[in-house]
Amino acid sequence: MFLSRREAHRSLRSATPLTRTIRFIAGLLLGLALTLALAGCADSRVAFSESTEVTTLRVVATFSVLGDLVQRVGGEKIDLRVLVGRGGDPHDFRPLPADQAAVAEADLVFAIGPGYEVWLDRLLASSGTTARTIHVSSGLDPLLTDSGDPDPHVWHDVGQAIHIVGSIRQALAAAHSADAAGFDERAARMIAELTTLDDWIVAQMASIPTDRRRLAVNHDSFGHLARRYGLEMVGAIVPALAGEAVAPSAETLAGLVDRARESGVVAIFAEKGTNSQLAAQLAHEAGVPLIDGLYSDTLGPAGGEAETYPGMIRANIGVLVAGLAP
Ligand SMILES: [Zn+2]
């Protein structure tokens, strides 16, 4: 059982010099073992490292996409723990005791906000944390879904991701002003990169004939992308505020088939790795191909094309342009 850094400090103060030395060496060995174990772990679901830098901010991000943005702004000055790692579904997440411990020890918690991490309020309360929680979607231009709720998938609009980077920079600098210059510099670099990416997407979309810029998808998570880059959202099987576990009624699916046929969509798009029989059925009945290469609520595997936020966005646009172009 690992002691937290604060527990370790407490127990060190109450021990004799000899046991202090033994515990210190044991702590170093444990730290080394933990570092080696984490180095071989592809998932980002890990505990805080036992950093000796006392001014390091302990930061939690709720899921992989937000975690990448936070890490890029924070650099080495933060100790980041991501709750829902690569491949996980933030809509349908059950926190474990280790997640509660991470939140309890955190200085800052970054989340998309209401409607997305529906499990977060309870986790914050049960952890007893004093961390400041930042909802990065607050202040963004809301996009209402068919049910009247704001669509939380704001990161698919790169312009909104640029605002999020600004919110992250501000929160990190407020929590640790000594590192503000570094946070500013990394955020500025990130914003320049994302501005170039945003321009590239606009140019890519311009290559698709107007009458083919229509989107029918499995999970309703690309409304923000459609709004910013001029695509018409025809429909989705799984609602924006639900995970893949939620299946639509037969009537809903039949209505979607009708809309897909009438609007003349040229493909049905689904998330990468989704083995959605309903999406396959929709594509079959609409008489168009099913393309399952999109990333919606998670980054791709480490080392792959969608390892980072910009990589994920570029991969999605590549899939959309290839699927929609004549
Ligand atoms: Zn989603």
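Participant: How do you make sense of the nonpolar core when you look at a structure like this?
Facilitator: Side chains of nonpolar character tend, in soluble globular proteins, to be buried together. Residues Phe 110 and Leu 172 are the most contacted members of the largest nonpolar core, which totals 77 residues. Shared between two domains, this core holds at least three residues of each, these being domain 2 (42-198) and domain 3 (208-324).

Participant: What am I meant to see in the confidence of the model for the protein here?
Facilitator: Low pLDDT marks stretches whose predicted atomic positions should not be read closely. Of the residues in the protein, 82% have a pLDDT of 70 or more, and the chain-wide mean is 87. Here residues 1-22 is a poorly scored stretch, pLDDT under 50, and it has 20 contacts once near neighbours within four places are set aside; other chains count. When the criterion is pLDDT under 50, residues 27-46 qualifies, and its contacts beyond four places in sequence or with other chains add up to 19 contacts.

Participant: What's the story with the coordination of the zinc ion in this structure? I'm lost.
Facilitator: Each donor-metal-donor angle would ideally measure 109.5 degrees in four-coordinate tetrahedral geometry, or 90 or 180 degrees in six-coordinate octahedral geometry. Protein-derived coordination of the zinc ion comes from His 91 (NE2), His 153 (NE2), His 219 (NE2), Asp 297 (OD) and Asp 297 (OD), at a distance range of 2.0 to 2.5 Å. Read from N- to C-terminus, the donor residues coordinating the zinc ion fall into the pattern H-x61-H-x65-H-x77-D. With His 91 in the loop between strand S2 (78-84) and helix H4 (97-105) and His 219 in strand S5 (residues 214-219), this pair connects stretches of sequence that are 128 residues apart. Pair check on accessibility: His 91 and His 219 agree, each one buried.

Participant: What should I look at first to understand helix H5 (residues 120-127) in this one?
Facilitator: Along an α-helix, residues three or four apart share an orientation, since each turn contains 3.6 residues. Where H5 is concerned, the buried positions are Leu 120, Leu 123, Leu 124 and Ser 127. Take H5 and look down its axis: the buried residues cluster within an arc of 100°, on one side only. Projecting away from the buried face of H5 at angles above 90 degrees are the exposed residues Asp 121, Arg 122 and Ala 125. In this fold, the buried residues of H5 make contact with strand S1 (57-63), S2, H4, strand S3 (108-111) and strand S4 (132-135). Gly 128 sits one or two residues past H5 and shows a positive phi near 70°.

Participant: Would you explain the packing of H4 against H5 in this entry?
Facilitator: For any two helices packed against each other, one specifies the crossing angle of their axes together with the interaxial distance. Interaxial distance between H4 and H5 falls to 9 Å at its minimum, and their mutual angle equals 70°. In terms of orientation, H4 lies roughly perpendicular with respect to H5. H5 is crossed by H4, and the crossing has right-handed handedness. Packed against H4, whose contacting residues are Asp 99, Gln 100, Val 103 and Ala 104, the element H5 presents Leu 123, Leu 124, Ser 126 and Ser 127 at the interface. Across the contact of H4 with H5, the residue classes break down as four nonpolar, three polar and one charged.

Reading guide: rules and limits
- Here the residue index of a chain counts from 1 through its sequence in written order.
- Local features in this predicted model are restricted to residues whose pLDDT is 70 or higher, and side-chain atom pairs enter the listing and the counts only when it is 80 or higher, whereas totals over whole chains, interfaces and linings include all residues.
- With hydrogens and water stripped out, all remaining heavy atoms of the structure feed into the side-chain values.
- Nonpolar cores are built from buried Ala, Val, Leu, Ile, Met, Phe, Trp, Tyr and Cys residues. Side-chain atoms within 4.5 Å join them into one set.
- Exposure classes here rest on a 1.4 Å probe applied to the protein chains alone. A residue is buried below 20% of its type maximum, exposed above 50%, and partly exposed in between.
- The split of the chain into domains comes from an automatic or database domain assignment.
- Note on scores: pLDDT gives the predictor's confidence for each residue, bounded by 0 and 100.
- Contact criterion: two residues are considered in contact whenever any of their non-hydrogen atoms come within 4.5 Å of each other.
- Atoms of type N, O and S within 2.8 Å of a metal are treated as its donors, and for Na, K and Ca the window is 3.2 Å; water is not considered, so some sites may appear to be missing partners.
- A run of DSSP states H or I qualifies as a helix once it reaches four residues; a run of E qualifies as a strand once it reaches two. Both are numbered from the N-terminal end.
- In this description, one arc is meant: the one made by directions from the helix axis to the C-beta atoms.
- All axes are obtained by fitting lines to C-alpha atoms, using only the stretch in contact for helices, and the reported angles, taken between N-to-C directions, cover 0 to 180 degrees.
- An angle counts as roughly parallel when it lies under 35 degrees, as roughly antiparallel when it exceeds 145, as roughly perpendicular when it falls between 65 and 115, and as oblique in every other case.
- By convention, the crossing between two helices is left-handed when the near helix turns anticlockwise from the far helix through less than a right angle, and right-handed when the turn is clockwise.
- Gly counts as polar in this scheme, as do all residues outside two lists: the nonpolar Ala, Val, Leu, Ile, Met, Phe, Trp, Tyr, Cys and Pro, and the charged Asp, Glu, Lys and Arg.

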